[in-house]
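Notes for the structure review
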Amino acid sequence: MYGSKEVAVAGSVSIVSAGVSAGSRARVARRIAAGAAFGGGGIGLLATAAVGVLLAEAALAKRSVSPSLPPPPGSHPRTEKSPMFKTALRNVLAHKARLLMTVLAVMLGVAFVSGTLVFTDTLKSAFKNQSAKSYDNVAVAVTSYGSGDDKQDPGVSKQTVRKIEALDGVASVNGRVDGFAGVADRHGKLIGQGWANKGGNYSPGKDGRDGKDPAYDFTDGSGPVKDGQIALDEDTASKGGYKVGDPVRVATNGPVKTYTLSGVFTTEDGSVNAGGSLVLFDTKVAQQLYLKPGFFKNVNVSATPGADARKILDEVTPLIPEHATAKTGQALAVQEADDIEKGLSALNQTLLAFAAIALFVGVFLISNTFTMLVAQRTKELALMRAVGASRSQVRRSVLTEALVVGVTASAIGFGLGIGLAAGLRSAMSGFGMKIPGGALIVSATPVIAALAVGVLVTLIAALLPAWRAAKIPPVAAMNSVHAAATTKSLVVRNTIGAIITLLGAGAVLSGAAAGKDGKTMIGLGAFLALVGIIVLIPLLSRPVIALVRPALAKMFGVSGKLASQNAVRNPRRTGATASALAIGLTLVTGLSVLGVTVGKAIDKTTTDNIKADYMVAMASRDALDKSVVPELRKAPGVTAVSPKQNSYLKADGDFHSVTGVTPGDVEKVLRLDTVSGSLATLGKGQLAIDDELAAKHGWKPGSSLPVEFDDKKKTKLVVGAVYKKQEFLESMLASTSVLDPHETRPHIETVFVKMAGGATKANEQALVNALGDNPAISFMDQQDIRDEFGGMINTLLNIMYGLLAMALLIAVLGVINTLAMSVFERQQEIGMLRAIGLDRGKVKRMIRLEAVVISVFGAVIGVGLGTFLAWAIGQTIKGSIPAYALVIPWDRIGLFLLLAGLVGVLAALWPARSAARLNMLTAIKTE
């Protein structure tokens with residue numbers, strides 16, 4: 001009786017023999033018979049199969065008519081491609097369990113790619129449709145770039161609007177003003193994201209639709225028509241639990257006020273979609289809050305049916321002020337569509353870059369799978385060669401298997417990608433971002449990309465195994481001469497790997513030495529170093545794993561000893577598996593080291609420079625009202641208050657940024673190290689400058705500088721002090737009393753407050769009460785300040801970790817795949833171990849330890865390379881980040897190594913269970 005393996009081999013022979021000539025079969029039969037004489041074992045079956053081929057040929061020869069006769073009508077001679085394709089298809093079906101991980105790897109990578117393309121296409125379509133809809137009834141749009149600080153024309157005047165209304169072809173004109181407006185919920189907390197909270201005016205116009213503003217559809221109540229009324233978007237009203245007639249506390253850039261809710265509306269406004277809020281005021285109120293009575297920031301002109309928008313534009317342009325521009329609604333819609341395209345292209349490229357990383361990791365899994373399949377089918381492939389299959393046919397057979405796997409995985413992955421795109425859209429809504437409605441956009445691009453990426457990646461990964469399969473001579477293959485890599489091939493591989501690694505390391509070191517100009521060189525070096533390490537990993541596996549072999553043997557006995565030996569038995573296979581984890585851990589470690597280092601630098605900068613207990617700022621990051629500073633001074637427990645008031649002046653012919661501060665208090669809330677002179681001179685109306693500016697211009701205490709303020713008034717100011725550069729301040733300091741007379745509306749970015757007793761709940765509440773419990777103002781203690789400046793780093797790191805998770809998942813599949821196929825090809829060995837007394841528990845332990853060793857080995861390589869690259873990149877950015885010093889996050893690195901070991905344990909669950917359940921007698925009989 002023959003086993004299933006022998007039957008499969010015989011099946012391949014029967015298929016292939018149908019497509020080769022009689023002469024070939026006669027020649028190879030003699031070759032196989034010769035091979036059987038010294039092959040032994042299962043080679044007898046191959047000789048028997050060859051004899052069967054000759055007998056079949058003889059029978060066909062007796063039954064054949066004249067060989068010169070043409071084939072029967074309607075029949076077609078067999079081509080040599082047909083049997084090879086059948087063989088490839090049969091092999092895929094026969095090894096579908098072993099190809100499962102390959103399918104999963106390609107499927108996940110393709111899902112990432114297609115999901116990204118479908119998701120970004122959907123976003124583009126939704127936002128473009130929304131943009132186009134907002135300009136449906138706009139023939140011409142006027143945008144003003146003035147501000148409330150402009151004394152003459154801060155925007156488009158009411159008189160200009162009336163002139164536009166009188167033009168031929170104009171149906172209506174709607175003026176708009178907008179700015180920040182934050183709504184408090186019933187607990188006094190701000191609703192929505194501060195930066196996305198917006199206020200505007202309700203403008204029905206004399207020809208508006210039923211006396212309503214055409215931009216909004218009211219679901220309840222009506223728009224505000226007098227002072228003291230507001231309308232809210234539907235989402236904000238729902239979050240706050242407000243209904244028409246309720247009092248609502250609203251904060252703009254001034255003190256908080258209470259309004260009556262007159263109506264609730266729906267809108268596709270971008271601020272609401274971004275998770276913010278929209279408050280509508282009566283037009284006169286909005287003008288007073290955001291610009292100036294009688295002026296508008298934007299004006300939308302609607303045309304009568306049949307009117308030419310271009311003609312209206314030509315007539316509107318001469319009427320508007322110099323700081324305003326006019327464009328047709330169609331042109332603005334196209335411009336916004338282009339802006340959306342550019343904005344989303346960065347997201348698209350970032351997601352595709354991480355998809356490429358995942359697919360790159362998948363290449364190792366796929367290549368490893370086909371390499372092991374080829375090794376396990378050596379005799380089968382040899383017999384195919386023996387019965388007449390050429391090298392190219394064997395190569396095509398392996399590549400055809402890869403093609404079938406690639407097409408199948410791509411089709412499934414594309415389906416998953418559509419689901420991923422739908423999930424991402426829902427997830428964004430869950431995070432408070434409202435995506436405009438619309439169906440998923442599935443264009444030809446993601447379909448073609450999914451198929452092309454999946455198939456190409458699979459074929460590229462299978463090229464080397466296919467080449468090796470075709471290179472094996474039939475007789476040598478029957479005796480497994482080529483089962484192991486030759487010494488020569490390993491020497492060549494290690495030599496090439498060493499050269500590439502040295503070139504990469506040299507490029508990285510060169511880039512690090514070049515400083516901020518070396519980023520490109522580091523990128524090139526990082527790529528070469530990663531490729532070189534991947535090539536060298538088989539060589540590195542032996543000495544590295546040898547270091548832990550004694551500990552494994554001592555701790556786990558025979559299971560540990562066997563696991564360490566198995567891990568290095570096939571260095572190429574171990575290297576390919578570890579490489580996938582090494583790539584992922586290189587990126588994760590590099591990002592972690594950089595992120596933690598930059599975060600610590602920011603934290604140190606904050607701690608070293610801020611002495612205040614609280615930093616007060618608008619949640620929207622807009623300027624604070626000038627009334628904030630005196631109100632804070634009145635709060636109980638306050639010992640020092642100084643604003644950070646941003647301004648500029650022209651000194652000695654050059655423009656310089658200057659920070660307005662409170663003399664006497666600024667030293668108590670911020671750390672200022674005086675180099676020369678005295679900061680007390682700020683109280684005398686003098687300037688203080690940092691040491692870098694002083695050195696650049698040769699200024700020193702006593703220098704008299706001719707200056708020109710924002711209002712064009714000129715005077716002379718004396719330098720009273722030079723201080724060491726401070727990261728929270730500009731290069732010039734002046735008293736607010738010097739700057740205020742020259743500014744219509746001071747731009748106060750933040751206010752620093754020092755209090756008796758430090759940062760306590762009572763002190764914070766005293767500040768909140770002093771500013772009228774304003775929901776739009778945030779009060780941050782020193783820890784909040786650290787989180788404010790370092791939070792973006794942590795958020796970015798978490799996003800990167802999430803995007804790299806796909807690559808790490810594929811790497812885990814690679815470990816599972818390698819172990820499963822390793823168990824399959826070592827069935828006889830495992831059966832022998834069981835027969836001589838190794839129980840099932842120790843077999844499981846052996847497989848688990850082997851997985852842990854391979855996983856941790858890959859993680860160690862990745863951690864080392866990632867740390868090196870992070871150091872190099874840090875050398876290029878340290879000049880722009882104060883207090884930068886490399887920090888190795890040992891806790892995170894330890895966690896990565898621990899997780900790598902856990903990955904090995906989990907990956908080994910199925911292979912270990914399969915190995916332990918093998919029947920000893922069946923396993924021993926397996927070839």
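Since this is a predicted model, take the numbers as computed values, not measurements.

1. Considerations on the environment of R385
Here R385 shows up in helix α12 (residues 378-386). Taking C-alpha positions, R385 is 9.0 Å from I472, a pair spaced 87 residues apart along the chain.

2. With respect to helix α10 (residues 309-316)
Each α-helix winds once per 3.6 residues, and so residues spaced three or four apart point in a common direction. Along α10, the residues that are buried comprise I312, L313 and V316. Buried residues of α10, seen end-on, are gathered within an arc of 105° and therefore sit on one face of the element. Along its buried surface, α10 packs onto β1 (140-144), α6 (158-165), β3 (170-176), β13 (298-303) and β14 (324-328).

3. Looking at the pairing of strand β11 (residues 277-282)
Burial within β11 is extensive, with six of its six residues counted as buried. Here six bridges tie strand β6 (residues 197-202) to β11, and the two strands are oriented parallel to one another. Paired with G199 across the bridge in β11 is V279. When strand β8 (residues 229-233) meets β11, the two strands line up antiparallel, connected through three bridges. Each bridged residue has a counterpart across the sheet, and for A231 the counterpart in β11 is L280.

4. Comments concerning unusual backbone geometry
Phi is positive for K712, close to 75°, though the residue is something other than glycine. Relative to the assigned elements, K712 resides in the loop between β20 (704-708) and β21 (714-723). At D773, a position not held by glycine, the phi torsion is positive, near 50°. Summarising the element assignment, D773 is placed in the loop between α23 (761-770) and β24 (777-780).

5. Examining the sheet that holds β13
With respect to topology, four strands assemble into an open sheet ordered β3-β13-β1-β14, the strand pairing being antiparallel. If you trace the sheet from one side to the other, it starts and ends with β3 and β14, each paired once. The mean angle between the axes of side-by-side strands here comes to 15°, regardless of whether they run parallel or antiparallel. Bridge count between β1 and β14: five bridges; the pairing is antiparallel. Considered in β14, the bridge of V140 is made with T328. Along the sheet, α6 makes contact with β3 and β13, crossing β3 at roughly 160°.

6. Concerning the side chain of S642
Locating S642 in the fold gives a position in strand β16 (residues 638-651). Taking the relative accessible area as the measure of exposure, S642 reaches 1% and is therefore buried. Within polar-contact distance, the side chain of S642 engages the backbone nitrogen of T662 at 3.1 Å. Apart from residues lying up to four places away in sequence, S642 is in contact with V661, T662, D665, V666, V669, V751 and F752.

7. Section: the confidence of the model for the protein chain
When pLDDT is averaged along the protein chain, the result is 80, and 85% of the positions lie at 70 or above. Note that pLDDT drops below 50 for residues 1-81; the model gives that stretch 69 contacts with residues more than four away or on any other chain.

8. Overview of the nonpolar core
Formed by 100 residues in total, the largest nonpolar core has its most connected members in F112, F354, V361, F370, I537, I810 and I847. Core analysis: the second largest hydrophobic core is formed by 38 residues, L167, V170, L261 and V264 among them.

9. Regarding the environment of N137
Topologically, N137 is positioned in the loop between α5 (100-134) and β1. Under the relative-accessibility criterion, N137 is labelled exposed at 61%. Between the C-alpha atom of N137 and that of T304, which follows or precedes it by 167 residues, the distance is 9.8 Å.

10. A look at the packing of aromatic side chains
According to the stated counting rule, one finds seven aromatic pairs in the structure shown. Relative to F218, the ring of Y202 has its centre 5.7 Å away and its plane inclined at 90°; by these criteria the two rings are edge-to-face. Within this pair, whereas Y202 is found in strand β6, its partner F218 is found in strand β7 (residues 217-221), the two being separated by 16 residues in sequence. The same class applies to Y202 as to F218, namely buried. What links up through ring pairs into an aromatic cluster is the set Y202, Y216, F218 and F265.

11. Notes on the pattern of salt bridges
Following the criterion strictly, the structure yields 10 salt bridges and no others. For K644, the salt bridge goes to E749, with nearest N and O atoms at 3.8 Å. Of this pair, K644 sits in strand β16 while E749 sits in strand β23 (residues 747-755), placing them 105 residues apart in sequence. Owing to a relative accessible area of 13%, K644 belongs among the buried residues under this scheme. The closest approach of N and O atoms between D690 and K725, which form a salt bridge, is 3.9 Å. Pair noted here: D690 is in strand β19 (residues 687-690) and K725 is in the loop between β21 and β22 (732-735), with a separation of 35 residues, a long-range link. On the basis of relative accessible area, K725 is assigned to the partly exposed category, the value being 37%.

12. Focus on the pairing of β22
Side-chain alternation along β22 places M732 and A734 on one buried face and L733 and S735 on a second face that is also buried. Where strand β17 (residues 654-661) lies against β22, four bridges are found, and the strand directions are parallel. In the strand pairing of β22, V661 is matched with S735. Note that β19 and β22 share two bridges and pair antiparallel. Paired with I689 across the bridge in β22 is M732.

Procedures and definitions
Residues numbered from 1 in each chain as written. Predicted model: local features only at pLDDT ≥ 70, side-chain atom pairs only at ≥ 80, totals over all residues. Heavy atoms only, no water. Helix = DSSP H or I, 4+ residues; strand = E, 2+ residues; numbered from the N terminus. Buried < 20%, exposed > 50% of the residue type's maximum accessible area, 1.4 Å probe, protein only. Arc of directions from axis to C-beta. Contact = heavy atoms within 4.5 Å. Pairing = 2+ DSSP bridges. Axes fitted to C-alpha atoms, helices over the stretch in contact; angles between N-to-C directions. Polar contact = N/O pair within 3.5 Å; in protein donor to acceptor, adjacent residues only side chain to side chain. pLDDT = per-residue confidence, 0-100. Core = buried A, V, L, I, M, F, W, Y, C linked by side-chain atoms within 4.5 Å. Phe/Tyr/Trp six-rings, centres within 6.5 Å; stacked < 30°, edge-to-face > 60°. Salt bridge = Lys/Arg side-chain N within 4 Å of Asp/Glu carboxyl O.

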